[in-house]
Amino acid sequence: MGAVWAAVVWHLLHAIASCAAILQRFLDGIAIATGSVRFAWRSVTKKPRVVAIVVDGESARKGRDEIVELLVFLAAAGIRQVALYDMEGILKRYGTYLEKRVVSSTWKRQLKHDFHFSNGVDPFPRSNPIRTKSEPRMVVELLSMSDGKDAIAEAARRIHDDLRGSSRQDQLERINSLTETDLNESLKQIGRWKPDPELMLVFGKINSVQGFPPWRIKLTEIIYMGELRRNIDSSLSYALQAYSGRTHRYGC
Amino acid sequence: MAITASIAAPCASRLGAATMRLPAEVDPLRLPNHVAMIMDGNSRWAQVRGIAKERQLRAAAEACYSNAREIVRLSSDWGIKALTLFAFSTENFLRPREEVDQWMQQLDRVLSLDDPATILLLPRPLQAKISDAQSITSGNTGMKLVMAIGYGGHSDLVQTCQALAREVEQGKMAVEEIDQINLAKRLMLGERCEDVGAPELLVRTSGEQRLSNFMLWHLAYSELVFEKKLWPDFGEEEYKNALVEFQGRMRTFGVKHHS
């Protein structure tokens with residue numbers, strides 16, 4: 001008899017938890033739709049400025065709508081820059097589609113965001129000092145494997161190119177005094193330098209950064225989100241809250 | 001720096017002896033060749049145990065390297081081909097001088113040359129002992145152990161770019177040959193672990209979920225397991241669970257490991 005009651009209680013608790021989760025998602029959806037997420041996140045003192053999203057190949061192929069939803073949520077939460085990465089570069093091919101859908105979704109929800117999508121290379125030419133009238137509220141970089149290790153190799157070649165014309169002694173001195181700053185500068189020159197994401201959300205079946213530009217994730221908080229699915233607002237909220245609630249110890 | 005040495009192989013055939021000791025839940029055919037670990041949480045471990053503040057640093061360092069020896073033993077017993085432990089980062093050197101000195105003293109004290117399976121980890125004045133330890137273990141054919149001391153992923157990449165730039169300047173290679181492959185070969189762990197490849201699995205203890213500038217290049221495609229236990233409490237059970245989790249992902253999803 002006791003076992004029966006225990007089973008009943010367990011099932012009841014499970015049902016309550018499921019209803020609470022459904023209610024939470026419903027409320028989050030209202031929050032996104034009404035823009036109140038922005039106001040909620042304004043009061044959060046520690047919010048990542050740059051968020052990396054890593055999705056596996058299957059999610060990139062089949063989860064475009066979910067990715068749109070994800071970007072809209074992050075825009076509403078006040079995230080300024082998103083580095084959206086899939087190893088094979090599938091999302092780069094759908095960049096225009098994603099941009100249109102994201103803009104359309106945010107306008108429908110009256111969030112009035114500006115977006116700028118770019119394919120891994122700096123959207124503003126370095127030599128152009130003139131800024132556009134309205135600076136994008138959220139920049140979305142579409143990245144793939146070619147923006148990772150290959151970009152570092154390109155920056156390394158660029159460093160050597162910059163040495164040409166100098167005397168042999170000067171070349172040796174500059175090589176011997178090479179620093180992280182020099183490699184950063186080289187990445188900037190080829191349009192591959194971007195700020196490091198403070199937070200990375202990994203979606204899919206693998207908890208791995210999957211070749212995301214290694215130079216940029218020195219201190220990035222990595223949260224594995226599981227498979228990409230619809231109505232993930234609750235999961236995203238929890239991830240952002242988990243990030244803001246952490247005490248970050250950086251070895252010093 | 002990254003210090004590499006090889007463990008003495010077990011007397012019995014390597015696979016047979018390893019599978020006898022492997023926990024039943026772990027599939028011997030799907031073991032990762034190379035495991036990397038970030039040994040985090042030692043100071044917190046000493047704090048939560050109520051150890052007097054003036055003894056916490058020493059206790060933390062002792063516990064850290066004591067557990068490292070146990071994990072090295074388990075890894076070798078279970079048939080892991082290479083184990084890389086992140087002991088001390090470039091950023092850690094920015095900690096108060098007293099704390100850095102304590103860690104270096106404990107490294108010297110806890111790891112001795114008498115044990116061929118371990119390496120003396122040395123601050124600058126004692127660098128000669130590194131080559132002694134590597135000489136002693138050079139004939140071993142068992143698991144490869146790499147201790148990353150004063151290591152930073154960014155500085156590793158910078159020194160790699162330097163090495164390649166020098167080779168180009170000396171006419172030993174063309175600029176066009178500076179690519180992913182040559183970069184990977186010049187990284188600190190590049191040639192040392194060429195036979196086992198990059199780590200397939202990274203375990204970080206203490207609940208922190210970051211790479212903290214550790215092997216940024218090598219861990220690009222590694223499975224990440226973030227363990228909540230503090231490093232001194234990460235034992236056989238936790239290690240087994242990490243391997244089971246790794247194998248569960250690989251088995252279920254059939255993912256091929258990139259390098």
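The model shown is predicted, which means the values in this text are computed figures rather than measured ones. (Residues numbered from 1 in each chain as written. Chains lettered and ligands numbered in written order. Predicted model: local features only at pLDDT ≥ 70, side-chain atom pairs only at ≥ 80, totals over all residues. Heavy atoms only, no water.)

1. Digging into unusual backbone geometry
Then comes step 1: The phi angle at A:Gln210 is positive, at roughly 55 degrees, despite the residue not being glycine.
Then comes step 2: Take A:Gln210: it is sitting in the loop between strand E5 (199-203) and strand E6 (221-226).
Then comes step 3: The phi dihedral of B:Ser206 is positive, around 85 degrees, even though this residue is not glycine.
Then comes step 4: Among the structural elements, B:Ser206 can be located in the loop between strand E5 (201-204) and strand E6 (223-226). (Helix = DSSP H or I, 4+ residues; strand = E, 2+ residues; numbered from the N terminus.)

2. Re the interface of chain A and chain B
Then comes step 1: Taken together, the 44 residues of chain A in the interface contact 43 residues of chain B.
Then comes step 2: A buried area of about 4100 Å², summed over both sides, lies between chain A and chain B, and 60% of it is on carbon and sulfur atoms.
Then comes step 3: Summed over the shared surface of chain A and chain B, the result is two salt bridges.
Then comes step 4: B:Glu169 is paired through a salt bridge with A:Arg168; the nearest N and O atoms lie 2.6 Å apart.
Then comes step 5: Inspection of the region where chain A meets chain B yields 17 residue pairs in polar contact (both at pLDDT 80 or more).
Then comes step 6: When contributions to the side of chain A that touches chain B are tallied by element, the ones reaching two or more residues are helix H7 (149-163), helix H8 (168-176), helix H9 (180-189) and E6 of chain A.
Then comes step 7: At eight residues, the largest contribution of residues to the side of chain A that touches chain B is made by H7(A).
Then comes step 8: In terms of residue class, the side of chain A that touches chain B is made up of 19 nonpolar, 13 polar and twelve charged. (Contact = heavy atoms within 4.5 Å. Buried area = accessible area lost by both parts, 1.4 Å probe. Salt bridge = Lys/Arg side-chain N within 4 Å of Asp/Glu carboxyl O. Polar contact = N/O pair within 3.5 Å; in protein donor to acceptor, adjacent residues only side chain to side chain. Nonpolar A, V, L, I, M, F, W, Y, C, P; charged D, E, K, R; others polar.)

3. Quick look at the sheet that holds E5(A)
Residue and element names in this part refer to chain A.
Then comes step 1: Reading across the sheet, the six strands line up as E3-E4-E2-E1-E5-E6 and stay open at both edges, with parallel pairing between neighbours. Each having just a single partner strand, strand E3 (115-118) and E6 make up the two edges of the open sheet. Going from strand to strand, the sheet's axes swing by 20 degrees on average, the running direction of each strand aside.
Then comes step 2: Pairing geometry for strand E2 (residues 81-85) and strand E4 (residues 138-143), over five bridges, is parallel. What sits directly across from Tyr85, in E4, is Leu143.
Then comes step 3: Across the sheet, helix H10 (residues 233-245) is in contact with E5 and E6; its angle to E6 comes to roughly 160 degrees. (Pairing = 2+ DSSP bridges. Axes fitted to C-alpha atoms, helices over the stretch in contact; angles between N-to-C directions.)

4. Brief notes about the packing of aromatic side chains
Then comes step 1: All told, the structure shown has five aromatic pairs over all chains when counted by the stated rule.
Then comes step 2: With 4.2 Å between their ring centres and 10 degrees between their planes, B:Phe86 and B:Phe214 make a pair best called stacked. Of this pair, B:Phe86 sits in strand E3 (residues 82-89) while B:Phe214 sits in the loop between E5 and E6; the two residues are 128 residues apart in sequence, bridging distant segments of the chain. Side by side, B:Phe86 and B:Phe214 carry an identical accessibility label, which is buried.
Then comes step 3: Taken together, a centroid distance of 6.0 Å and an interplanar angle of 40 degrees make the contact between B:Phe234 and B:Tyr239 tilted. Side by side, B:Phe234 and B:Tyr239 carry an identical accessibility label, which is buried.
Then comes step 4: Between A:Lys46 and the ring centre of A:Tyr243, over which it is positioned, the NZ or CZ distance is 5.7 Å.
Then comes step 5: For A:Lys188, the ring lying beneath its charged end belongs to A:Trp193, and the centroid distance is 4.7 Å. (Phe/Tyr/Trp six-rings, centres within 6.5 Å; stacked < 30°, edge-to-face > 60°. Buried < 20%, exposed > 50% of the residue type's maximum accessible area, 1.4 Å probe, protein only. Lys NZ or Arg CZ within 6 Å of the ring centre and 35° of its normal.)

5. Here's the deal with the pattern of salt bridges
Then comes step 1: Going through the model one piece at a time under the given rule, you end up with 27 salt bridges over all chains.
Then comes step 2: Note that B:Arg44 and B:Glu208 form a salt bridge whose closest N and O atoms lie 4.0 Å from each other. Of this pair, B:Arg44 sits in helix H2 (residues 42-48) while B:Glu208 is found in the loop between E5 and E6, placing the two residues 164 residues apart along the sequence.
Then comes step 3: One network of salt bridges, with partners in common, ties together A:Glu221, B:Asp40, B:Arg44, B:Arg204, B:Glu208 and B:Arg210.

6. What about helix H3 (residues 53-78) of chain B?
Then comes step 1: Spanning 26 residues, H3(B) covers 37 Å between terminal C-alpha atoms, matching the ideal 38 Å at 1.5 Å per step.
Then comes step 2: One or two residues past the end of H3(B) sits B:Gly79, with phi positive at roughly 95 degrees. (Expected span 1.5 Å × (residues − 1).)

7. Details of the pairing of E4(A)
All names here are of chain A.
Then comes step 1: Across the six residues of E4, six count as buried, placing the element largely inside the fold.
Then comes step 2: A two-sided burial pattern is seen for E4, the buried positions comprising Met138, Val140 and Leu142 on one face and Val139, Glu141 and Leu143 on the other.
Then comes step 3: Inspection of the sheet shows E3 paired to E4 by four bridges, in the parallel sense. From the neighbouring strand, Phe117 faces E4, where its bridge partner is Val140.

8. Regarding the confidence of the model for chain B
Keep in mind that low pLDDT regions are not for reading the predicted coordinates in detail.
Residue and element names in this part refer to chain B.
Then comes step 1: Averaged over every residue, the pLDDT of chain B is 78; the share at 70 or more is 68%.
Then comes step 2: Mean pLDDT in chain B bottoms out at helix H1 (residues 14-21), which sits at 52, and peaks at E5, which reaches 97.
Then comes step 3: Long-range and interchain partners of residues 8-18, a stretch whose pLDDT sits below 50, account for 14 contacts in this model, where long-range means more than four residues apart.
Then comes step 4: Long-range and interchain partners of residues 253-259, a stretch whose pLDDT sits below 50, account for 14 contacts in this model, where long-range means more than four residues apart.
Then comes step 5: Overall fold confidence (pTM) sits at 0.81, and the ipTM for the predicted complex is 0.82. (pLDDT = per-residue confidence, 0-100.)

9. Some words on the nonpolar core
Then comes step 1: By size, the foremost hydrophobic cluster in this structure holds 36 residues, and its most contacted members are A:Ile53, A:Leu71, A:Leu84, A:Leu201 and A:Phe203.
Then comes step 2: At eight residues, helix H4 (residues 64-76) of chain A tops the list of elements feeding residues into this core.
Then comes step 3: Sequence-distant contacts of A:Phe203, defined by excluding residues within four places in its chain, comprise A:Ile53, A:Val54, A:Val55, A:Asp56, A:Leu70, A:Gln210, A:Met225, A:Gly226, A:Glu227, A:Leu228, A:Ile232 and A:Leu236.
Then comes step 4: Ranked by size, the runner-up nonpolar core spans 32 residues in total, among them A:Met200, B:Ala36, B:Phe214 and B:Tyr221. (Core = buried A, V, L, I, M, F, W, Y, C linked by side-chain atoms within 4.5 Å.)

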